[in-house]
Amino acid sequence: MDARETALQQAYEHAVRWLASLSDRRVPADASVDDIVRALGATLPSGPSTPADVVDLLATACEPGLTAFPSGRFYGFVIGGTEPAALAADWLVSAWDQNCVLRAVSPAHTAVEDIAGMWLLDLLGLPEDSAVGFTTGATMANFTCLAAGRDTVLRRSGWNVARDGLAGGPPVRVVVGQDRHMAVDLALRYLGLGEPETVTSDDQGRIEAGALRRALTAGERRPTIVVLQAGDIHSGAFDPFVETIRAAREADAWVHVDGAFGLWAAASPAYAHLTAGCAGADSWATDAHKTLNVPYDCGLAVVRDPSAVRAAMGQRGDYLIQHEHGDPFDKVPELSRRGRAFTVWAALRSLGRSGVTDLVDRLCRHAASFAAGIAAIEEASVLNDVVFTQVCAGFGSDERTDEVLTRLLDDGTAWISGSTWQGRRVMRISVSNWSTTEDDVTRTLDAIRRACAGT
Ligand SMILES: *Cc1c(COP(=O)(O)O)cnc(C)c1O
(Lines give C-alpha, C1' and ligand atoms only; values in the text may rest on other atoms or scores of the structure.)
Protein backbone atom coordinates (compact mmCIF):
# COMPACT_ATOMS: atom_id res chain seq x y z
CA MET A 1 0.00 0.00 0.00
CA ASP A 2 1.21 3.50 -0.73
CA ALA A 3 1.11 6.30 1.88
CA ARG A 4 -2.35 7.43 0.81
CA GLU A 5 -3.86 3.97 1.01
CA THR A 6 -2.30 3.40 4.43
CA ALA A 7 -3.81 6.68 5.67
CA LEU A 8 -7.24 5.75 4.29
CA GLN A 9 -6.98 2.33 5.92
CA GLN A 10 -6.05 4.00 9.20
CA ALA A 11 -9.05 6.36 8.91
CA TYR A 12 -11.35 3.43 8.07
CA GLU A 13 -10.27 1.50 11.16
CA HIS A 14 -10.69 4.49 13.47
CA ALA A 15 -14.10 5.28 11.95
CA VAL A 16 -15.36 1.74 12.40
CA ARG A 17 -14.11 1.65 15.99
CA TRP A 18 -15.83 4.98 16.75
CA LEU A 19 -19.13 3.83 15.25
CA ALA A 20 -18.97 0.53 17.14
CA SER A 21 -18.43 2.44 20.41
CA LEU A 22 -21.64 4.45 20.03
CA SER A 23 -24.04 1.89 21.50
CA ASP A 24 -22.30 1.92 24.87
CA ARG A 25 -20.06 4.95 25.19
CA ARG A 26 -21.02 7.91 27.33
CA VAL A 27 -22.74 10.46 25.12
CA PRO A 28 -21.07 13.64 26.46
CA ALA A 29 -17.37 14.19 25.73
CA ASP A 30 -15.03 13.23 28.54
CA ALA A 31 -12.11 15.53 27.77
CA SER A 32 -11.92 19.33 27.76
CA VAL A 33 -10.63 21.59 24.99
CA ASP A 34 -7.37 22.02 26.92
CA ASP A 35 -6.98 18.24 27.26
CA ILE A 36 -7.27 17.83 23.51
CA VAL A 37 -4.89 20.69 22.76
CA ARG A 38 -2.35 19.02 25.04
CA ALA A 39 -2.86 15.60 23.43
CA LEU A 40 -2.47 17.01 19.91
CA GLY A 41 0.41 19.38 20.75
CA ALA A 42 0.11 23.05 19.90
CA THR A 43 3.43 23.52 18.16
CA LEU A 44 3.41 23.45 14.36
CA PRO A 45 5.88 20.70 13.42
CA SER A 46 8.99 21.90 11.64
CA GLY A 47 8.59 19.27 8.91
CA PRO A 48 6.31 16.65 7.36
CA SER A 49 4.82 13.51 8.95
CA THR A 50 3.43 10.49 7.14
CA PRO A 51 -0.32 10.75 6.36
CA ALA A 52 -1.10 7.58 8.35
CA ASP A 53 0.67 8.91 11.44
CA VAL A 54 -1.25 12.18 11.19
CA VAL A 55 -4.58 10.38 10.92
CA ASP A 56 -3.68 8.14 13.82
CA LEU A 57 -2.68 11.07 16.03
CA LEU A 58 -5.82 13.01 15.12
CA ALA A 59 -8.14 10.10 15.87
CA THR A 60 -6.38 9.00 19.05
CA ALA A 61 -5.95 12.46 20.54
CA CYS A 62 -9.47 13.65 19.66
CA GLU A 63 -11.43 10.56 20.66
CA PRO A 64 -11.96 11.52 24.35
CA GLY A 65 -13.15 14.99 23.27
CA LEU A 66 -15.76 13.74 20.82
CA THR A 67 -19.43 14.06 21.76
CA ALA A 68 -21.46 11.10 20.56
CA PHE A 69 -23.70 13.19 18.30
CA PRO A 70 -24.45 10.14 16.09
CA SER A 71 -25.54 8.12 19.15
CA GLY A 72 -29.15 6.95 19.31
CA ARG A 73 -29.26 8.66 22.71
CA PHE A 74 -28.33 12.17 21.63
CA TYR A 75 -31.48 14.32 21.87
CA GLY A 76 -30.06 17.84 22.14
CA PHE A 77 -30.76 20.71 19.69
CA VAL A 78 -32.05 19.03 16.49
CA ILE A 79 -29.30 16.62 15.48
CA GLY A 80 -29.52 13.85 12.92
CA GLY A 81 -27.12 10.93 12.74
CA THR A 82 -25.73 9.44 9.56
CA GLU A 83 -27.54 6.80 7.54
CA PRO A 84 -24.92 4.15 6.61
CA ALA A 85 -25.30 4.62 2.83
CA ALA A 86 -25.02 8.40 3.17
CA LEU A 87 -21.93 8.13 5.38
CA ALA A 88 -20.18 5.79 2.96
CA ALA A 89 -21.19 8.02 0.03
CA ASP A 90 -19.70 10.98 1.88
CA TRP A 91 -16.31 9.25 1.94
CA LEU A 92 -16.57 8.91 -1.84
CA VAL A 93 -17.49 12.60 -2.12
CA SER A 94 -14.13 13.46 -0.54
CA ALA A 95 -12.24 10.95 -2.66
CA TRP A 96 -13.97 12.06 -5.89
CA ASP A 97 -13.42 15.76 -5.01
CA GLN A 98 -15.89 17.05 -7.58
CA ASN A 99 -16.43 20.78 -7.82
CA CYS A 100 -20.17 21.02 -8.37
CA VAL A 101 -20.54 24.48 -9.89
CA LEU A 102 -21.57 23.72 -13.47
CA ARG A 103 -23.89 21.13 -14.94
CA ALA A 104 -21.59 20.11 -17.74
CA VAL A 105 -18.35 19.77 -15.75
CA SER A 106 -19.44 17.02 -13.34
CA PRO A 107 -22.14 15.13 -15.24
CA ALA A 108 -22.24 12.55 -12.44
CA HIS A 109 -23.03 15.10 -9.74
CA THR A 110 -25.51 16.90 -11.97
CA ALA A 111 -27.37 13.68 -12.70
CA VAL A 112 -27.46 12.77 -9.02
CA GLU A 113 -28.55 16.29 -8.00
CA ASP A 114 -31.37 16.20 -10.56
CA ILE A 115 -32.60 12.79 -9.42
CA ALA A 116 -32.28 13.56 -5.69
CA GLY A 117 -34.04 16.92 -6.22
CA MET A 118 -36.92 15.22 -8.03
CA TRP A 119 -37.26 12.58 -5.29
CA LEU A 120 -37.20 15.25 -2.57
CA LEU A 121 -39.98 17.29 -4.19
CA ASP A 122 -42.03 14.13 -4.52
CA LEU A 123 -41.48 13.02 -0.89
CA LEU A 124 -42.05 16.50 0.55
CA GLY A 125 -45.16 17.07 -1.57
CA LEU A 126 -43.76 20.25 -3.18
CA PRO A 127 -44.39 21.53 -6.73
CA GLU A 128 -42.46 19.33 -9.14
CA ASP A 129 -40.91 22.13 -11.20
CA SER A 130 -39.33 23.85 -8.18
CA ALA A 131 -35.58 24.50 -8.05
CA VAL A 132 -33.73 22.48 -5.38
CA GLY A 133 -30.43 23.97 -4.19
CA PHE A 134 -28.04 22.04 -1.95
CA THR A 135 -26.74 24.40 0.75
CA THR A 136 -24.64 23.93 3.88
CA GLY A 137 -27.70 23.83 6.12
CA ALA A 138 -31.10 25.32 6.81
CA THR A 139 -29.68 28.71 7.75
CA MET A 140 -28.24 29.12 4.28
CA ALA A 141 -31.32 27.51 2.74
CA ASN A 142 -33.47 30.15 4.49
CA PHE A 143 -31.05 32.81 3.26
CA THR A 144 -31.22 31.55 -0.32
CA CYS A 145 -35.02 31.35 -0.36
CA LEU A 146 -35.45 34.74 1.31
CA ALA A 147 -33.00 36.31 -1.16
CA ALA A 148 -35.22 35.04 -3.98
CA GLY A 149 -38.24 36.43 -2.12
CA ARG A 150 -36.66 39.81 -1.40
CA ASP A 151 -35.59 40.29 -5.02
CA THR A 152 -38.99 39.19 -6.33
CA VAL A 153 -41.14 41.45 -4.15
CA LEU A 154 -38.85 44.39 -4.96
CA ARG A 155 -38.96 43.59 -8.67
CA ARG A 156 -42.77 43.59 -8.50
CA SER A 157 -42.51 47.12 -7.08
CA GLY A 158 -40.30 48.17 -9.97
CA TRP A 159 -37.00 47.98 -8.07
CA ASN A 160 -34.01 45.94 -9.32
CA VAL A 161 -32.03 45.07 -6.20
CA ALA A 162 -29.38 43.09 -8.07
CA ARG A 163 -28.48 46.19 -10.06
CA ASP A 164 -29.31 49.04 -7.68
CA GLY A 165 -28.86 47.54 -4.22
CA LEU A 166 -31.23 48.08 -1.32
CA ALA A 167 -30.44 51.72 -0.52
CA GLY A 168 -33.04 54.07 -1.95
CA GLY A 169 -35.44 51.25 -2.80
CA PRO A 170 -38.87 50.66 -1.29
CA PRO A 171 -38.62 49.21 2.24
CA VAL A 172 -39.37 45.49 2.39
CA ARG A 173 -41.67 44.37 5.14
CA VAL A 174 -40.95 40.93 6.64
CA VAL A 175 -43.58 39.39 8.89
CA VAL A 176 -42.76 36.35 11.05
CA GLY A 177 -44.31 34.43 13.92
CA GLN A 178 -43.03 35.25 17.38
CA ASP A 179 -41.61 31.72 17.71
CA ARG A 180 -39.70 31.45 14.42
CA HIS A 181 -36.19 30.02 14.58
CA MET A 182 -33.34 32.51 15.02
CA ALA A 183 -31.83 31.30 11.73
CA VAL A 184 -34.56 33.30 10.01
CA ASP A 185 -33.43 36.49 11.77
CA LEU A 186 -29.85 35.72 10.82
CA ALA A 187 -30.78 35.27 7.16
CA LEU A 188 -32.71 38.54 7.20
CA ARG A 189 -29.67 40.27 8.68
CA TYR A 190 -27.43 38.88 5.90
CA LEU A 191 -29.98 40.21 3.41
CA GLY A 192 -29.97 43.73 4.79
CA LEU A 193 -33.62 43.44 5.82
CA GLY A 194 -33.08 44.08 9.52
CA GLU A 195 -35.37 42.83 12.26
CA PRO A 196 -38.71 41.42 11.15
CA GLU A 197 -42.13 42.40 12.37
CA THR A 198 -43.52 39.73 14.70
CA VAL A 199 -47.03 38.38 14.97
CA THR A 200 -48.22 36.59 18.10
CA SER A 201 -48.10 32.82 18.34
CA ASP A 202 -50.30 30.51 20.36
CA ASP A 203 -49.14 28.42 23.32
CA GLN A 204 -47.53 25.84 21.00
CA GLY A 205 -45.62 28.44 18.99
CA ARG A 206 -47.99 28.47 15.98
CA ILE A 207 -48.42 31.86 14.35
CA GLU A 208 -51.97 33.15 14.85
CA ALA A 209 -53.57 33.32 11.42
CA GLY A 210 -56.05 36.06 12.45
CA ALA A 211 -53.27 38.23 13.84
CA LEU A 212 -51.24 37.72 10.65
CA ARG A 213 -54.20 38.73 8.49
CA ARG A 214 -54.77 41.86 10.58
CA ALA A 215 -51.08 42.80 10.38
CA LEU A 216 -51.02 42.31 6.61
CA THR A 217 -54.13 44.39 5.96
CA ALA A 218 -53.04 47.25 8.24
CA GLY A 219 -51.23 50.19 6.69
CA GLU A 220 -50.38 50.79 3.08
CA ARG A 221 -49.33 47.97 0.79
CA ARG A 222 -45.58 47.39 0.61
CA PRO A 223 -43.29 44.69 -0.80
CA THR A 224 -43.89 41.95 1.80
CA ILE A 225 -42.42 38.60 2.79
CA VAL A 226 -44.19 36.27 5.22
CA VAL A 227 -42.12 33.57 6.94
CA LEU A 228 -43.94 30.53 8.30
CA GLN A 229 -42.63 27.53 10.19
CA ALA A 230 -43.03 23.76 9.81
CA GLY A 231 -41.82 22.36 13.13
CA ASP A 232 -41.21 24.51 16.19
CA ILE A 233 -37.96 23.52 17.91
CA HIS A 234 -39.67 23.30 21.31
CA SER A 235 -43.13 21.93 20.61
CA GLY A 236 -42.68 20.53 17.09
CA ALA A 237 -45.84 22.47 16.16
CA PHE A 238 -46.65 23.54 12.60
CA ASP A 239 -48.10 26.89 11.56
CA PRO A 240 -51.64 26.79 10.12
CA PHE A 241 -50.59 27.00 6.48
CA VAL A 242 -53.95 27.10 4.75
CA GLU A 243 -55.23 30.26 6.46
CA THR A 244 -51.88 32.01 6.68
CA ILE A 245 -50.93 31.42 3.05
CA ARG A 246 -54.35 32.62 1.93
CA ALA A 247 -53.88 35.86 3.90
CA ALA A 248 -50.35 36.29 2.53
CA ARG A 249 -51.54 35.75 -1.05
CA GLU A 250 -54.22 38.43 -0.62
CA ALA A 251 -51.44 40.83 0.44
CA ASP A 252 -49.37 39.79 -2.60
CA ALA A 253 -46.60 38.64 -0.25
CA TRP A 254 -43.84 36.12 -0.92
CA VAL A 255 -44.44 33.18 1.43
CA HIS A 256 -41.49 31.25 2.76
CA VAL A 257 -41.57 28.19 5.04
CA ASP A 258 -38.73 27.28 7.41
CA GLY A 259 -39.16 23.53 7.73
CA ALA A 260 -35.66 22.56 8.80
CA PHE A 261 -36.79 19.30 10.35
CA GLY A 262 -40.59 19.48 10.18
CA LEU A 263 -41.08 19.57 6.42
CA TRP A 264 -40.33 15.83 6.47
CA ALA A 265 -43.74 15.21 8.09
CA ALA A 266 -45.05 15.39 4.53
CA ALA A 267 -43.24 12.12 3.73
CA SER A 268 -45.43 10.15 6.14
CA PRO A 269 -49.14 9.56 5.54
CA ALA A 270 -49.59 9.54 9.34
CA TYR A 271 -48.10 13.04 9.78
CA ALA A 272 -48.61 14.73 6.41
CA HIS A 273 -51.71 16.50 7.76
CA LEU A 274 -49.35 18.71 9.79
CA THR A 275 -48.02 20.23 6.56
CA ALA A 276 -51.45 20.64 4.91
CA GLY A 277 -51.45 23.72 2.69
CA CYS A 278 -47.69 24.18 3.02
CA ALA A 279 -47.10 23.41 -0.67
CA GLY A 280 -48.92 26.64 -1.50
CA ALA A 281 -45.88 28.72 -0.42
CA ASP A 282 -43.23 30.20 -2.73
CA SER A 283 -40.16 28.71 -1.06
CA TRP A 284 -39.17 26.15 1.56
CA ALA A 285 -35.98 25.59 3.53
CA THR A 286 -35.15 22.25 5.06
CA ASP A 287 -32.17 20.25 6.23
CA ALA A 288 -30.97 16.91 4.99
CA HIS A 289 -28.58 16.62 7.97
CA LYS A 290 -31.44 16.55 10.49
CA THR A 291 -34.45 14.31 9.76
CA LEU A 292 -32.96 12.62 6.68
CA ASN A 293 -29.75 11.81 8.60
CA VAL A 294 -27.06 12.56 6.03
CA PRO A 295 -23.65 13.75 7.32
CA TYR A 296 -22.99 17.47 7.80
CA ASP A 297 -23.34 19.74 6.07
CA CYS A 298 -26.44 19.63 3.94
CA GLY A 299 -29.54 21.81 3.66
CA LEU A 300 -32.06 22.22 0.86
CA ALA A 301 -33.37 25.47 -0.59
CA VAL A 302 -36.52 24.86 -2.60
CA VAL A 303 -37.97 27.68 -4.70
CA ARG A 304 -41.19 27.28 -6.68
CA ASP A 305 -40.11 29.64 -9.46
CA PRO A 306 -36.61 28.60 -10.59
CA SER A 307 -36.12 31.95 -12.33
CA ALA A 308 -36.57 33.75 -8.97
CA VAL A 309 -33.68 31.96 -7.28
CA ARG A 310 -31.56 32.20 -10.43
CA ALA A 311 -32.10 35.97 -10.47
CA ALA A 312 -30.93 36.18 -6.85
CA MET A 313 -28.07 33.68 -6.85
CA GLY A 314 -27.11 33.00 -10.45
CA GLN A 315 -24.67 34.54 -12.82
CA ARG A 316 -26.28 37.18 -14.98
CA GLY A 317 -24.81 36.23 -18.35
CA ASP A 318 -27.55 34.49 -20.32
CA TYR A 319 -24.94 32.44 -22.16
CA LEU A 320 -24.15 30.61 -18.90
CA ILE A 321 -27.67 29.30 -18.49
CA GLN A 322 -27.80 25.89 -20.01
CA HIS A 323 -30.93 24.45 -18.47
CA GLU A 324 -34.38 25.66 -17.55
CA HIS A 325 -33.49 25.08 -13.87
CA GLY A 326 -30.06 26.67 -14.34
CA ASP A 327 -26.76 25.29 -13.12
CA PRO A 328 -26.20 23.96 -9.60
CA PHE A 329 -24.51 27.24 -8.60
CA ASP A 330 -27.58 29.25 -9.68
CA LYS A 331 -29.51 27.83 -6.74
CA VAL A 332 -27.07 28.39 -3.85
CA PRO A 333 -24.86 31.21 -2.52
CA GLU A 334 -21.52 29.47 -3.18
CA LEU A 335 -19.54 28.83 -6.32
CA SER A 336 -17.09 26.02 -5.40
CA ARG A 337 -18.62 23.40 -3.17
CA ARG A 338 -18.57 19.68 -2.45
CA GLY A 339 -21.00 17.19 -3.98
CA ARG A 340 -23.68 17.31 -1.35
CA ALA A 341 -26.30 15.69 -3.55
CA PHE A 342 -24.40 12.39 -3.54
CA THR A 343 -25.14 11.77 0.14
CA VAL A 344 -28.78 12.80 -0.17
CA TRP A 345 -29.21 10.48 -3.14
CA ALA A 346 -27.57 7.64 -1.21
CA ALA A 347 -29.84 8.11 1.83
CA LEU A 348 -32.97 8.24 -0.33
CA ARG A 349 -31.86 5.35 -2.57
CA SER A 350 -31.12 3.25 0.48
CA LEU A 351 -34.35 4.04 2.34
CA GLY A 352 -36.77 4.09 -0.56
CA ARG A 353 -40.16 5.70 -0.15
CA SER A 354 -41.27 3.36 2.61
CA GLY A 355 -37.96 3.77 4.44
CA VAL A 356 -38.35 7.56 4.60
CA THR A 357 -41.91 7.14 5.89
CA ASP A 358 -40.74 4.58 8.46
CA LEU A 359 -37.93 6.91 9.55
CA VAL A 360 -40.35 9.81 10.21
CA ASP A 361 -42.87 7.51 11.93
CA ARG A 362 -40.16 5.96 14.10
CA LEU A 363 -38.82 9.32 15.30
CA CYS A 364 -42.37 10.39 16.19
CA ARG A 365 -43.12 7.09 17.91
CA HIS A 366 -40.01 7.46 20.10
CA ALA A 367 -41.03 11.05 20.94
CA ALA A 368 -44.45 9.75 22.02
CA SER A 369 -42.75 7.07 24.17
CA PHE A 370 -40.64 9.77 25.82
CA ALA A 371 -43.76 11.80 26.53
CA ALA A 372 -45.55 8.80 28.05
CA GLY A 373 -42.49 7.78 30.10
CA ILE A 374 -41.92 11.29 31.44
CA ALA A 375 -45.60 11.83 32.24
CA ALA A 376 -45.40 8.72 34.43
CA ILE A 377 -42.64 10.28 36.58
CA GLU A 378 -44.39 11.82 39.55
CA GLU A 379 -42.67 15.20 39.67
CA ALA A 380 -42.43 15.62 35.87
CA SER A 381 -44.89 16.98 33.36
CA VAL A 382 -44.89 17.14 29.58
CA LEU A 383 -45.50 20.74 28.61
CA ASN A 384 -46.17 20.60 24.87
CA ASP A 385 -48.67 18.79 22.69
CA VAL A 386 -46.38 16.12 21.28
CA VAL A 387 -47.39 16.17 17.61
CA PHE A 388 -44.05 15.35 16.00
CA THR A 389 -40.47 14.73 17.22
CA GLN A 390 -40.09 17.30 20.02
CA VAL A 391 -40.87 16.92 23.72
CA CYS A 392 -40.55 19.59 26.42
CA ALA A 393 -40.74 18.55 30.04
CA GLY A 394 -40.71 20.43 33.33
CA PHE A 395 -39.77 19.13 36.78
CA GLY A 396 -41.58 21.40 39.20
CA SER A 397 -39.52 24.57 39.56
CA ASP A 398 -36.95 25.99 37.11
CA GLU A 399 -34.18 25.19 39.60
CA ARG A 400 -35.31 21.60 39.88
CA THR A 401 -35.50 21.21 36.08
CA ASP A 402 -31.91 22.49 35.75
CA GLU A 403 -30.80 20.21 38.55
CA VAL A 404 -32.29 17.15 36.83
CA LEU A 405 -30.64 18.20 33.54
CA THR A 406 -27.23 18.58 35.19
CA ARG A 407 -27.51 15.17 36.84
CA LEU A 408 -28.63 13.62 33.59
CA LEU A 409 -25.58 14.94 31.71
CA ASP A 410 -23.30 13.77 34.52
CA ASP A 411 -24.84 10.32 34.24
CA GLY A 412 -23.74 10.26 30.59
CA THR A 413 -26.31 7.77 29.27
CA ALA A 414 -27.91 10.43 27.08
CA TRP A 415 -27.45 14.04 26.01
CA ILE A 416 -30.48 16.29 26.39
CA SER A 417 -30.36 20.07 26.38
CA GLY A 418 -32.28 22.50 28.53
CA SER A 419 -34.06 25.53 27.20
CA THR A 420 -36.44 28.24 28.25
CA TRP A 421 -39.90 27.90 26.75
CA GLN A 422 -43.12 29.73 27.55
CA GLY A 423 -41.30 31.51 30.37
CA ARG A 424 -39.97 28.43 32.15
CA ARG A 425 -36.95 26.14 32.12
CA VAL A 426 -37.57 22.92 30.26
CA MET A 427 -35.86 19.67 29.40
CA ARG A 428 -36.01 19.65 25.62
CA ILE A 429 -35.91 16.30 23.84
CA SER A 430 -35.51 16.15 20.08
CA VAL A 431 -35.67 12.72 18.46
CA SER A 432 -33.85 13.07 15.16
CA ASN A 433 -31.51 10.11 14.85
CA TRP A 434 -32.34 7.21 12.51
CA SER A 435 -30.55 4.74 14.81
CA THR A 436 -32.48 5.45 18.02
CA THR A 437 -34.09 2.21 19.23
CA GLU A 438 -36.77 1.44 21.80
CA ASP A 439 -33.96 0.25 24.03
CA ASP A 440 -32.28 3.68 23.74
CA VAL A 441 -35.54 5.32 24.82
CA THR A 442 -35.89 2.91 27.75
CA ARG A 443 -32.28 3.46 28.86
CA THR A 444 -32.75 7.23 28.62
CA LEU A 445 -35.99 7.18 30.61
CA ASP A 446 -34.19 5.10 33.25
CA ALA A 447 -31.45 7.76 33.33
CA ILE A 448 -34.04 10.54 33.70
CA ARG A 449 -35.61 8.65 36.59
CA ARG A 450 -32.17 8.23 38.17
CA ALA A 451 -31.52 11.96 37.76
CA CYS A 452 -34.82 12.70 39.50
CA ALA A 453 -34.08 10.25 42.31
CA GLY A 454 -30.61 11.70 42.74
CA THR A 455 -28.90 8.33 42.69
C1 LIG B 1 -31.86 23.73 12.83
C2 LIG B 1 -32.83 24.73 12.39
C3 LIG B 1 -32.44 25.81 11.58
C4 LIG B 1 -31.00 26.07 11.22
O5 LIG B 1 -30.49 25.00 10.50
P6 LIG B 1 -28.91 24.75 10.32
O7 LIG B 1 -28.89 23.51 9.50
O8 LIG B 1 -28.37 24.56 11.70
O9 LIG B 1 -28.33 25.91 9.63
C10 LIG B 1 -33.43 26.67 11.13
N11 LIG B 1 -34.71 26.49 11.47
C12 LIG B 1 -35.13 25.47 12.26
C13 LIG B 1 -36.58 25.33 12.58
C14 LIG B 1 -34.20 24.55 12.74
O15 LIG B 1 -34.59 23.52 13.50
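Residues numbered from 1 in each chain as written. Predicted model: local features only at pLDDT ≥ 70, side-chain atom pairs only at ≥ 80, totals over all residues. Heavy atoms only, no water.

(A) View of the site of the ligand. Neighbouring the ligand are 13 residues; Thr139, Asp258, Asp287, His289 and Lys290 lie closest to it. The contact in question runs from a nitrogen atom of the ligand to an N or O atom on the side chain of Asp258, over 2.7 Å. In isolation the ligand has 380 Å² of accessible area, and contact with the protein removes 84% of it. Judged by the proximity of its atoms to the pocket grid, the ligand belongs to the second largest pocket. Of the residues in the shell around the ligand, the class split is five nonpolar, five polar and three charged. (Near = heavy atom within 4 Å. Polar contact = N/O pair within 3.5 Å; in protein donor to acceptor, adjacent residues only side chain to side chain. Areas by Shrake-Rupley, 256 points an atom, 1.4 Å probe, with all protein chains shown as cover. 1 Å grid on protein atoms, 1.4 Å probe; cavity = no way out; pocket = protein on both sides within 12 Å on 5 of 7 lines; lining within 4 Å. Sits in = over half its atoms within 2 Å of the grid points. Nonpolar A, V, L, I, M, F, W, Y, C, P; charged D, E, K, R; others polar.)

(B) Broad picture of the packing of aromatic side chains. A full pass over the atoms with the stated rule returns 11 aromatic pairs. When the ring of Phe77 is compared with that of Trp415, the centres are 5.4 Å apart and the planes differ by 35 degrees; the resulting orientation is tilted. A residue pair is termed long-range when its members are at least 10 positions apart, and Phe77 in the loop between helix 3 (51–62) and helix 4 (84–96) and Trp415 in the loop between helix 13 (398–411) and strand 10 (417–421) qualify at 338 residues. Owing to a relative accessible area of 45%, Phe77 belongs among the partly exposed residues under this scheme. Chaining the aromatic ring pairs together yields one cluster made of Phe69, Phe74, Phe77 and Trp415. (Phe/Tyr/Trp six-rings, centres within 6.5 Å; stacked < 30°, edge-to-face > 60°. Helix = DSSP H or I, 4+ residues; strand = E, 2+ residues; numbered from the N terminus. Buried < 20%, exposed > 50% of the residue type's maximum accessible area, 1.4 Å probe, protein only.)

(C) Summary view of the pattern of salt bridges. Under the defined criterion, the tally for this structure stands at 27 salt bridges. Where Glu403 meets Arg400, a salt bridge forms, and the shortest distance between an N and an O atom there is 2.9 Å. In this pair, Glu403 and Arg400 both sit in helix 13, three residues apart, roughly one turn of the helix. Residue classification places Glu403 among the partly exposed positions, given a relative accessible area of 35%. One salt bridge in this structure joins Asp439 and Arg443, with 3.8 Å as the shortest N-O distance. Linking Asp439 with Arg443, this pair stays in helix 14 (residues 438–453), spanning four residues, or about one helical turn. Residue Asp439 is classed as partly exposed on the basis of its relative accessible area, which comes to 43%. (Salt bridge = Lys/Arg side-chain N within 4 Å of Asp/Glu carboxyl O.)

(D) Seen up close, the sheet that holds strand 8 (residues 381–382). Reading across the sheet, the four strands line up as 8-9-11-10 and stay open at both edges, with antiparallel pairing between neighbours. The sheet is open, and its two borders are formed by strand 8 and strand 10, each paired with just one other strand. Where strand 8 meets strand 9 (residues 390–394), two bridges bridge the pair, whose relative direction is antiparallel. When the bridges of strand 9 are listed, Ser381 appears paired with Gly394. Those strands touched by helix 13 are strand 9, strand 10 and strand 11 (424–430), and its axis lies near 35 degrees from that of strand 11. (Pairing = 2+ DSSP bridges. Contact = heavy atoms within 4.5 Å. Axes fitted to C-alpha atoms, helices over the stretch in contact; angles between N-to-C directions.)

(E) Inspection of the side chain of Arg340 at higher detail. Summarising the element assignment, Arg340 is placed in helix 12 (residues 340–375). Taking relative accessible area as the criterion, Arg340 reaches 7% and is therefore assigned buried. Reaching out from Arg340, the side chain makes a polar contact with the backbone oxygen of Asp297 at a distance of 3.0 Å. Once you skip the residues sitting within four places of it in the chain, Arg340 turns out to touch His109, Phe134, Thr135, Thr136, Asp297, Cys298 and Glu334.

(F) View of the domain arrangement of the chain. With domains assigned, the chain is organised as domain 1 (3–63), domain 2 (88–347) and domain 3 (352–453). Taking only C-alpha atoms into account, the centre of domain 1 sits 31 Å from that of domain 3. Taken residue by residue, the interface counts five residues in domain 1 and eight residues in domain 3. Summing the contributions of domain 1 and of domain 3, the shared interface buries around 450 Å²; its carbon and sulfur component is 46%. The three residues of domain 1 that bury the most area against domain 3 are Arg26, Val27 and Pro28, which together make up 80% of that side's buried surface. At the boundary of domain 1 and domain 3, one finds one salt bridge. When the shortest N-O distance is used, the salt bridge between Asp24 and Arg443 registers 3.5 Å. At the surface where domain 1 touches domain 3, the tally comes to four residue pairs in polar contact (both at pLDDT 80 or more). Of the residues assigned to the side of domain 1 that touches domain 3, the class counts are two nonpolar, one polar and two charged. (Domains from an automatic or database assignment. Buried area = accessible area lost by both parts, 1.4 Å probe.)

(G) How the structure looks around the layout of surface pockets. The volume enclosed by the largest pocket comes to roughly 850 Å³. Taken together, 27 residues form the lining of the largest pocket, with Ala15, Trp18, Leu19, Leu66 and Pro70 sitting closest to its centre. Looking at the lining of the largest pocket, the elements that each hand over two or more residues are helix 1 (3–21), helix 3 and helix 4. Top contributing element to the lining of the largest pocket by residue count: helix 1, with seven residues. Counted by class, the lining of the largest pocket contains 16 nonpolar, eight polar and three charged residues. Looking at which domains feed residues into the lining of the largest pocket, each of domain 1 (3–63) and domain 2 (88–347) gives three or more. Taken together, 31 residues form the lining of the second largest pocket, with His181, Met182, Ala183, Ile233 and Lys290 sitting closest to its centre. For the lining of the second largest pocket, the secondary-structure elements that each account for two or more residues are helix 6 (138–156), helix 8 (182–190) and strand 10. (Points joined across faces, edges and corners; volume = space filled by probe spheres on them.)

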